[in-house]
Amino acid sequence: MKNPRIGIQLLSVLLLMLWGGILIYFHASGRLISGEYLSQDGIFIPAVLVAGIGLFVVAFFNLATIGAAEGDCGHDHGHDHHHDHSNCGHDHSHEHDHSHKDEPAPHAHGVLEESGTIGRLVAILLLTVPVTYASIKSPDQYSVHAVINKGVYSNDYSEAAKGRGKLNADKSQAAKAVSSPQDPVQSPPSVVTPVASDPGSAPQDNQQPKSLGAFTLADLKAQVPMSKEGNFVLDVPEIFYTAGDKEVQAVLEGQMVETIAQVLPEKVNNPNGTRLRIFRLLVQCCAADARPLSIPVEFGKTPPKFKDMTWVKVVGKISFKSENKQIVPLLEATSMTETAEPDSKTIF
């Protein structure tokens, strides 16, 4: 009985080490964040490391106690055969046979001990093969089917939040734009962000009055970086959300824009086969809530051939079309070229 029990304990130790090793591997290799489908702000990533180490601690504890006696299971199996027959006047002398030869064998703990040979083999396969296969074969990115199932072709542009805050309002990025002294477009005028002011206060010397004004081209230049070619550099989600702001649409209409995104064939509103669709994944917390925000790209002719999910740089003129009772941002492409994936494959 003891040798099989030790063998089962060794198997349990190895299983714990396998699970712990996989968790530590995912943390140490960077695969948890390499696909960028998990926010680094939460406790999940360090918790994976803690769990992996914890499994190893349990494994080593089990290994250290592997020689414990079989009876040391922690349960009280004692029984009391005391009989009190005092003062009853009868002779109750008899012998008790306390042998346990007819009692069942000590009870087992765990599926590996309770099963037969075939059951143990099946249990080991179930406990090792799926987790090992998944850790090796699972890709660190979404597949085409996953992106489609998450709604890349069913974006509702009417949900786009109204307000130009969806554009990149960080002026520090505008300062980072590549500029050329010969290109006047690269030197946007200094613009004060429109904010409400106290109507009873007078402006100080050399300070312009602040007010809530209409969104202008000057505002756009101050808020959005530009390439050395003079194109406004916008992410696909930023373009997507312009569908909810008519003021921004009026300014962006006809402007040259460039963006980097992943490409798929267009499967909606494409009767002549002249469009492709580009998208970026927007993540709030982790891969579970990731969703693709997408826009169509119009070529006016047969579009170039690209493998699904390829990263591309698209340059084109932005326009806004009414399709299916909603305003759709559309890029009328002048060029689309394959490019390296950006540092951040998802947008948080």
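Whatever comes next refers back to the structure up there.
About the thresholds
Residues numbered from 1 in each chain as written. Predicted model: local features only at pLDDT ≥ 70, side-chain atom pairs only at ≥ 80, totals over all residues. Heavy atoms only, no water. Helix = DSSP H or I, 4+ residues; strand = E, 2+ residues; numbered from the N terminus. Buried < 20%, exposed > 50% of the residue type's maximum accessible area, 1.4 Å probe, protein only. Contact = heavy atoms within 4.5 Å. Areas by Shrake-Rupley, 256 points an atom, 1.4 Å probe, with all protein chains shown as cover. Polar contact = N/O pair within 3.5 Å; in protein donor to acceptor, adjacent residues only side chain to side chain. Pairing = 2+ DSSP bridges.

S.K.: Looking at this structure, I do not really get the overall build of the chain. What am I missing?
M.R.: Secondary structure summary: the chain contains 10 helices and seven strands in total. The proportion of buried residues among the 348 residues of the chain is 34%. At a minimum sequence separation of 6, the contacts of the chain that also span at least 24 residues come to 71%. Put simply, the chain shows about 21,200 Å² of open surface, and 57% of that area lies on carbon and sulfur atoms.

S.K.: How should I be thinking about the side chain of Asn155 in this particular structure?
M.R.: Within the secondary structure, Asn155 sits in the loop between helix 6 (144-149) and helix 7 (171-176). Of the residues examined, Asn155 reaches a relative accessible area of 13% and is grouped as buried. A distance of 3.1 Å separates the side chain of Asn155 from the backbone oxygen of Gly151, its partner in a polar contact. Of note is the side chain of Asn155, whose polar atom sits 2.7 Å from the backbone nitrogen of Ser294. Beyond its immediate chain neighbours, meaning those up to four positions away, Asn155 contacts Phe240, Pro292, Leu293, Ser294 and Gln326.

S.K.: What is the right way to look at the pairing of strand 2 (residues 256-265) in this model?
M.R.: Looking down a regular strand, the side chains alternate between one sheet face and the other. Most of strand 2 is tucked away: seven of the 10 residues are buried. Two elements, strand 1 (residues 232-233) and strand 2, share two bridges in a ladder whose sense is parallel. When the bridges of strand 2 are listed, Phe232 appears paired with Val257. The pairing of strand 2 with strand 5 (residues 311-323) spans seven bridges and is antiparallel. Counted as the bridge partner of Ile260 is Lys313 from strand 5. Here strand 2 pairs with strand 3 (residues 275-282) via four bridges, running antiparallel.

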